[in-house]
Amino acid sequence: MNLNRDGDTLMTLMGTTGIDFPGGTVDFIPEMKFIYGSDKERIPCYRVLDDNGQPIADHNFVQVSEEVAVKMYTDMVTLRSMDTIFYEAQRQGRISFYVTAIGEEAINVASAAALAMDDVVFPQYREAGVLLWRGFTLQEFANQLFSNKYDNGKGRQMPAHYGSNKHNYVTIASTIATQISHAVGAAYSLKMDKKDACAVTYFGDGGSSEGDFHAALNFAAVMEAPVIFICRNNGWAISTPISDQFRSDGVVVKGQAYGVRSIRVDGNDALAIFSAVQAARKMAVTEDRPILIEALTYRVGHHSTSDDSTKYRPANEIEWWRVARDPVARFRKWIENNGWWNDRAESELINNLRQRLLHTIQVAESVEKPPLADAFSDVYDIPPSNLREQEQWLKEIVKEQPQEYPANISV
Amino acid sequence: MATLFQGLGLVTPLSSSNSFESNKLLHPSRTCRSISERKDGIFVVRSDARVSQLLKRRARTHDLLVTNAVATQGGSFVASTSKPGHELLLFEALREGLEEEMERDPCVCVMGEDVGHYGGSYKVTKDLATKFGDLRVLDTPIAENSFTGMGIGAAMTGLRPVVEGMNMGFLLLAFNQISNNCGMLHYTSGGQFKIPIVIRGPGGVGRQLGAEHSQRLESYFQSIPGIQMVACSTPYNAKGLMKAAIRSENPVILFEHVLLYNLKERIPDEEYVLSLEEAEMVRPGEHVTILTYSRMRYHVMQAAKTLVNKGYDPEVIDIRSLKPFDLHTIGNSVKKTHRVLIVEECMRTGGIGASLTAAITENFHDYLDAPVVCLSSQDVPTPYAGTLEEWTVVQPPQIVTAVEQLCQ
């Protein structure tokens, strides 16, 4: 017979039994019952537009203005065009690498639209649409892809590893899920400064397996940090399907395990994403709490230009998702029904985009690469003697044998 | 091992308070004694190798240095001030430095396991949580990779975090964040995001803590581009390096040693910040240059006593800056003595000593009368048994023997 610390007897006589342990009181039961890893019933998914872009009955979503809706749509189309044209450029050997976000345009753009510019974004690598929404120009994207001297990353990162402190979009690193911990640190910083802003981080289904994901969610819950975790569950981590990635009911249930409020959303429904992110942001900022959003979607493109996904999944599956579940087409139907868009606007947009994108490529390609000095600057705030020596040594070698080195780099 | 040890060094004032600008050197007219060149209310104390050059030119040996530098002379090395200074232990010096920086700049914060009300495993953060609040002195769950990542994210958004690894060895879990993000993000972002983080903690071989708690992380981290590494060894340099590390815009890893936390010393009352890239002249000499850092400094000084009795005159330099090496101070010493002995706690393979040997051989080959000798721990995990553990660490008799052989 156990007694509570202050000597009260257990309430066995009253029919309820609770006992104190570190962490609080728990009821206990005499029957041995295991909680199953995943129930047959999955957590339901929030969506407000059906596959034809019609609002579903009993929906509750945030009404979006025409201006915002049209910008959302045009940015989604722009992202799609960027992906098509830059992917082609890689195929032609003009850039070395590219990642597309085909099929995930709604997640990219709608989530960005629901955030504020002060919210600091920590992306994985399939979120160029967020940067696009915030005002990064097509030319700036191209400059980074060609790592020319106008790249604000000074040519140091792989293509599609964008970053812009002006847009509060932290430079992408190739490491998976490390940004999730960074976001929690940033949220901690924002909380200390009592700013009206939150941190936002994106990652895929695969990224949720990394240690950083778990610790970051745990920390955020313990510290009550204003951070939004957005998981793009697109079904594939390169060739690994989610059945080989985890056996839980997706990623949304993991939030609950860490004490984080979570929601599962149809990632191909721009309005649902917008509403959920907006609500999440409000909770994060006003209540100092983390939120997990699992956006269900499908990775229509290959993992990257180094991948041919037809090798591990059926081509007709990809095609079905590309056409029947296209988030861009779905949203287009909605805005057209509202009288905010039409075929003429569409063709104008597409043609204009194609021309502009080809132009940005031409321009970016012709610009010089960053100078040799940029290989050595920014390692530290001021180059120490060993780096100055190494730079000097390299300069001398290049000067002695200029024919061995590319001509379009200034020494 | 709590000994009364008076920190010492060639203490000369410099006009610049920016620790990186080694180009700004002192005027030839300044002597070693005068200390206080105040700028913004603080003075930067640097051991400047150029002084020794200066002395060479004047053909004076080291009488100027001796009066200043030798510990047994007594009194504070802060010769010109009238204040007596205050005595404290090394861990308290670290805390004092940290506390002063937290008072000075509200962006400085601490995160780590049990750093809050528990005060840290080695009490470096004792009472800071009470003073600055739970948010600024943050207790983290056990996930080194992630709280280091958190520190990096916080640094990128304007804070200046001091991340404590309860034991340096645990930071192996944080290697991904430290190498791929901490060291790299300033560079890969084109200078857009800076990471003024300090990562610190106790490492080295302790007293029977077992192999996993006896790691020498400086070996593993030394290759990471973008970080700086310093090792403290006295209360004086511990406080000075802590402050410098916090003020640096670069990520700095500050290596402390488990067995040195209770060292006692009298340090100045006035504020001071040391340079992150400079070595410390512990004992000037003529016959051999002994390079060391952290706990091995004490083994070397013990050996030095024996050596002096045997008629040798070793020059002992605590390199302090593990990345980058202060090749200026080291080089001047090599040019003077022509013989180098490195005494380290790292393992033979791939340690600081290995890199230092390469750097010295490459740069000062012409000045060496003998190959560089490096005494290190063996390439074995540190055993638990006390006797075995003692044998994996370089001991003073071995240092004496090595010097005798080197000077034959």
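None of the values given here were measured: they were computed from a predicted structure.

Along its length, chain A carries 12 helices and 9 strands. Once the C-alpha set of chain A is aligned to its principal axes, its extents read approximately 95 × 60 × 45 Å. Expressed as a percentage of its 411 residues, the buried residues of chain A come to 52%. For chain A, restricting intrachain contacts to residue pairs at least 6 apart in sequence, the fraction spanning at least 24 positions comes to 71%.

Residue and element names in this part refer to chain B. When the domains of chain B are assigned, the result is domain 1 (14–275) and domain 2 (280–406). Opposite the 41 residues of domain 1 that make contact, domain 2 presents 36 residues. For the pair domain 1 and domain 2, the summed buried area comes to about 3100 Å², and 52% of that belongs to carbon and sulfur atoms. When the buried surface of domain 1 facing domain 2 is broken down by residue, Gln208, Arg216 and Gln222 rank first, second and third, together holding 21% of it. Between the two partners, domain 1 and domain 2, sit 0 salt bridges. Linking domain 1 with domain 2 are 21 residue pairs in polar contact (both at pLDDT 80 or more), by the criterion used here.

Opposite the 44 residues of chain B that make contact, chain A presents 42 residues. Both sides of the chain B and chain A interface together cover about 3600 Å² of buried area, and 64% of this is carbon and sulfur. Linking chain B to chain A there are 0 salt bridges. Linking chain B with chain A are 17 residue pairs in polar contact (both at pLDDT 80 or more), by the criterion used here. At the level of elements, strand 4 (108–112), helix 5 (144–156), helix 6 (175–182) and helix 7 (185–188) of chain B are the ones that each hand at least two residues to the side of chain B that touches chain A.

Residues and elements named next belong to chain B. Read from one edge of the open sheet, 5 strands run 12-14-13-16-17, paired in mixed fashion. Single-partner strands in this sheet number two, and they are strand 12 (280–283) and strand 17 (373–377). In this sheet, adjacent strand axes meet at a mean angle of 25 degrees when their direction is disregarded. For strand 16 (residues 340–347) and strand 17, the ladder comprises 4 bridges, and the chain directions are parallel. In the sheet register, Ile342 faces strand 17, and the bridge partner there is Cys374.

All names here are of chain B. Most of strand 9 (residues 252–257) is tucked away, with 6 of its 6 residues classed as buried. Side chains of strand 9 alternate between two faces, with Val252, Leu254 and Glu256 and Ile253, Phe255 and His257 buried alike. Summarising the sheet, strand 7 (residues 198–203) and strand 9 pair through 6 bridges and their orientation is parallel. From the neighbouring strand, Pro202 faces strand 9, where its bridge partner is Glu256. In the classification by handedness, the crossover that spans strand 8 (residues 228–231), the intervening helix 9 (residues 235–247) and the parallel strand 9 is right-handed.

So, on to the domain arrangement of chain A. Looking at the assigned domains, one finds that chain A contains domain 1 (66–366) and domain 2 (372–404). Distance between the C-alpha centres of domain 1 of chain A and domain 2 of chain A: 36 Å.

A separate point is the UniProt feature "domain: Dehydrogenase E1 component" (unreviewed entry) in chain A. When the UniProt feature table is mapped onto this chain numbering, "domain: Dehydrogenase E1 component" (unreviewed entry) sits at residues 75–370 of chain A. Helix makes up 47% of residues 75–370 of chain A and strand 11%, whereas the separation of the span's terminal C-alpha atoms amounts to 30 Å.

Time to look at the packing of aromatic side chains. Per the counting criterion, the structure on display carries 14 aromatic pairs over all chains. Ring centres 5.4 Å apart and planes at 90 degrees place the aromatic pair Trp320 of chain A and Trp321 of chain A in the edge-to-face group. On the basis of relative accessibility, which here comes to 45%, the residue Trp320 of chain A falls in the partly exposed class. With centroids separated by 4.5 Å and ring planes inclined at 15 degrees, the aromatic side chains of Tyr236 of chain B and Tyr272 of chain B adopt a geometry described as stacked. Taken as a pair, Tyr236 of chain B in helix 9 and Tyr272 of chain B in strand 11 (residues 272–274) lie far apart in primary sequence, 36 residues in all. A relative accessible area of 5% places Tyr236 of chain B in the buried class. Taking the relative accessible area as the measure of exposure, Tyr272 of chain B reaches 0% and is therefore buried. The rings of Phe136, Phe141 and Tyr162 of chain A are connected pair by pair, giving a single aromatic cluster.

A separate point is the sheet that holds strand 6 (residues 160–164) of chain B. Residues and elements named next belong to chain B. Across the sheet, which stays open at both edges, the 7 strands sit in the order 5-4-6-7-9-8-15 with mixed pairing between neighbours. With one partner strand each, in any of the chains shown, strand 5 (137–139) and strand 15 (321–323) form the two edges of the open sheet. Averaged over all adjacent pairs, the angle separating strand axes in this sheet is 20 degrees, with direction ignored. Inspection of the sheet shows strand 8 paired to strand 15 by 2 bridges, in the antiparallel sense. Bridge assignment links Val230 to a residue of strand 15, and that residue is Ser321.

Conventions adopted
Residues numbered from 1 in each chain as written. Chains lettered and ligands numbered in written order. Predicted model: local features only at pLDDT ≥ 70, side-chain atom pairs only at ≥ 80, totals over all residues. Heavy atoms only, no water. Helix = DSSP H or I, 4+ residues; strand = E, 2+ residues; numbered from the N terminus. Buried < 20%, exposed > 50% of the residue type's maximum accessible area, 1.4 Å probe, protein only. Contact = heavy atoms within 4.5 Å. Domains from an automatic or database assignment. Buried area = accessible area lost by both parts, 1.4 Å probe. Salt bridge = Lys/Arg side-chain N within 4 Å of Asp/Glu carboxyl O. Polar contact = N/O pair within 3.5 Å; in protein donor to acceptor, adjacent residues only side chain to side chain. Pairing = 2+ DSSP bridges. Axes fitted to C-alpha atoms, helices over the stretch in contact; angles between N-to-C directions. Right-handed = clockwise from strand over helix to strand, strands pointing away. UniProt positions renumbered as here; feature names shortened; annotations may be inferred. Phe/Tyr/Trp six-rings, centres within 6.5 Å; stacked < 30°, edge-to-face > 60°.

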